[in-house]
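The chain contents come next:
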Amino acid sequence: MTPSSRPDPAKPSGRRVRATHARVLPATGAWLEGDPIGHRSFAELGPLALESGLSLPSVSVAYETWGQLNRDGSNAVLLLHALTGDSHATGDAGEGHVTAGWWDQMVGPGRPIDTDKYYVVAPNVLGGCQGTTGPASLDLAGRRWGSRFPRITVRDQVAAEIALSHALGISRWHFVVGGSMGGLRALEWALLGPAEGISVDAIGAIACSAQFTGDQIAWSHPQLAAIRADVNFHGGDYYDQPPGKGPHVGLGIARQIAHITYRSALELDERFARLPQGAEEPLHGGRFAVQSYLDHHAHKLAARFDANSYISLTESMLSHDLGRERGGVRSALRSIAARALIVGVDSDRLFPVIHSERMAAEIPNADPVHIIHSDFGHDGFLIDFDQLEPAVRHFLASLDAAANIT
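Rules behind the numbers
Residues numbered from 1 in each chain as written. Predicted model: local features only at pLDDT ≥ 70, side-chain atom pairs only at ≥ 80, totals over all residues. Heavy atoms only, no water. Helix = DSSP H or I, 4+ residues; strand = E, 2+ residues; numbered from the N terminus. Buried < 20%, exposed > 50% of the residue type's maximum accessible area, 1.4 Å probe, protein only. Areas by Shrake-Rupley, 256 points an atom, 1.4 Å probe, with all protein chains shown as cover. Lys, Arg positive; Asp, Glu negative; His and termini not counted. Charge placed at Lys NZ, Arg CZ, Asp CG, Glu CD. Axes fitted to C-alpha atoms, helices over the stretch in contact; angles between N-to-C directions. Parallel < 35°, antiparallel > 145°, perpendicular 65-115°, else oblique. Left-handed = near helix turned anticlockwise from the far one by under 90°. Contact = heavy atoms within 4.5 Å. Nonpolar A, V, L, I, M, F, W, Y, C, P; charged D, E, K, R; others polar. Core = buried A, V, L, I, M, F, W, Y, C linked by side-chain atoms within 4.5 Å. Phe/Tyr/Trp six-rings, centres within 6.5 Å; stacked < 30°, edge-to-face > 60°. Pairing = 2+ DSSP bridges.

A.B. asks: So what exactly am I meant to see when it comes to the overall build of the chain here?
C.D. replies: Of regular secondary structure, the chain possesses 10 helices and 11 strands. Summarising its shape, the C-alpha atoms of the chain cover approximately 65 × 55 × 40 Å along the three principal directions. A burial count over the chain gives 56% of its 406 residues as buried. On the chain, roughly 16,700 Å² of surface is accessible, and the fraction owed to carbon and sulfur atoms is 53%. Between the centroid of the 34 positive side chains of the chain and the centroid of its 44 negative side chains there is a distance of 3 Å.

Structure follows, in structure tokens:
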């Protein structure tokens, strides 16, 4: 279980020919062997037993780091990304990284998560598609996992991150923080980490919940159905298809459904109202501006993500229940010993703020819940940094004082 700066050269190359026409996409937007590595490092972690009783015979985790681990190992911070994020938490877009860092305003020198003070690690999640083992990865026989990739849970994802921590020689996380899907993992880390010999001083659970609800499962269901209904999905085995023949339509529709839950009705009404898109006339088959906006986000995701990963990660969230086999959610929350920063967004219709309030009320060492007042809905934690920055900075300042980190 040793980290490395590049994939195992013994693995066969999976480089695919990238389509040159901007509108013709490769079958998957996943990072594949042979693609530019960018700022990623890789840890080969060996086999991983899963909650289902199955196992992955070999797991590789892609991750990025910033800063330096101090002498006593007390300044490590773990960043956990949301559904379509990756290890590139901060930094410009460039070779190997299609998009700029997803938390660029929060991470870096002098920023709330100060890379001059902390050793920061951001892994790509198990089941993801940007370097960590997932459906687009090669198995030991050199075949894409595709439809054979086993179902995974949030706890399986944290188990992979625990293995990464051991590989990096980290036995203590000063702060484990994530938003949305990343927040689900931060909650699990508070219980699984100490059980596996890795102490967790504090967690940050942002715009998330301790248990996936019926409403959240309902929103997810048509997203999964849209991908599986795409004629180019081929039951999940589409990786050998030529450019333009991947399940882009289904993945795009899934993104459109999800994006509606990420934003608020107020923002969509005020930003787009019933305006047509440019010179298009909706009465004659043209689009409204909000339809064009959703089409744009659908295409963007299809260009950089993998349909199977979208399914795998979404299904991992469906099974999220912090209280499963722990006596229920309240019992599990009350078992968390770490300090906790709980953040909700008042206009969030995917993870309503009541979930954040309940978590803050039950976790013994939680600070009072911090509410972001936003017109943007769930995505407020990726937009309203003027409110999130001071909350994280203040929380870490008090945490640092207790741990004598300067």
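A.B. asks: What should I look at first to understand the packing of helix α3 (residues 214–229) against helix α7 (residues 307–318) in this one?
C.D. replies: To characterise two packed helices, one gives the angle between the axes of the helices and the distance between these axes. Packing of α3 against α7 leaves a shortest axis separation of 10 Å and a crossing angle of 155°. With respect to their mutual orientation, α3 and α7 come out roughly antiparallel. Crossing of α3 against α7: the hand is left-handed. Two secondary-structure elements touch here, α3 through I217, S220, Q223, L224, I227 and R228 and α7 through A307, Y310, I311, T314, E315 and L318. Looking at the contact of α3 with α7 residue by residue, the classes come out as seven nonpolar, three polar and two charged.

A.B. asks: Would you mind going over the nonpolar core with me for this structure?
C.D. replies: Within soluble globular proteins, side chains that are nonpolar generally end up buried alongside one another. Grouped together as the largest cluster of nonpolar side chains are 81 residues, with contacts concentrated most on W173, V176, W189, Y310 and I336. If we ignore the near neighbours within four places in the chain, the residues touching W173 are A76, V77, L78, V121, S165, W189, I198, S199, V200, D201 and A202. Counting residues in hydrophobic clusters, the runner-up holds 27 residues, among them W66, L79, Y118 and I206.

A.B. asks: Please explain the environment of T314 as it appears in this structure.
C.D. replies: With respect to the helices and strands, T314 occurs in helix α7. Placed 93 residues apart in sequence, T314 and H221 show a C-alpha to C-alpha distance of 9.2 Å.

A.B. asks: Sorry if this is basic, but what is going on with the packing of aromatic side chains here?
C.D. replies: Working definition: an aromatic ring pair is given by the centre-to-centre distance plus the angle between the planes. Applying the stated criterion to the full structure yields 10 aromatic pairs. Measuring from ring centre to ring centre gives 5.4 Å for W31 and F42, while their planes differ by 35°; the resulting arrangement is tilted. Residue W31 is located in the loop between β1 (2–4) and β2 (41–49), and its partner F42 is located in strand β2; the two are separated by 11 residues in the primary sequence. Overall, W31 belongs to the buried group, its relative accessible area being 10%. Assessed through its relative accessible area of 1%, F42 is described here as buried. Geometrically, the ring pair formed by W173 and W189 is edge-to-face, given 6.4 Å between the ring centres and 80° between the ring planes. In this pair, W173 is assigned in strand β6 (residues 172–173) and W189 in helix α2 (residues 181–195), connecting sequence segments 16 residues apart. Of the two residues, W173 and W189, neither departs from the other in class, the shared state being buried. Among the aromatic side chains, those forming a connected cluster through ring pairs are F233, Y238 and Y239.

A.B. asks: Would you mind showing me how to read unusual backbone geometry here?
C.D. replies: As a rule of thumb, non-glycine residues mostly have phi less than zero, and peptide bonds are mostly trans rather than cis. Positive phi, normally seen in glycine, also occurs at S180, with a value near 60°. Following the sequence through the fold, S180 ends up in the loop between β7 (175–179) and α2. If you check the backbone angles, N404 has positive phi at about 60° while not being a glycine. Assignment of secondary structure puts N404 in the segment after α10 (385–403).

A.B. asks: So what exactly am I meant to see when it comes to the pairing of β7 here?
C.D. replies: Every regular strand shows the same layout, with side chains that alternate between the two sheet faces. In terms of burial, β7 is a largely internal element, five of the five residues being buried. What you see with β7 is no split at all: F175, V177 and G179 on one side and V176 and G178 on the other are buried throughout. Pairing of strand β4 (residues 76–80) with β7 involves four bridges; the strand directions are parallel. Bridge assignment links L80 to a residue of β7, and that residue is G178. For β7 and strand β9 (residues 202–206), the ladder comprises four bridges, and the chain directions are parallel.

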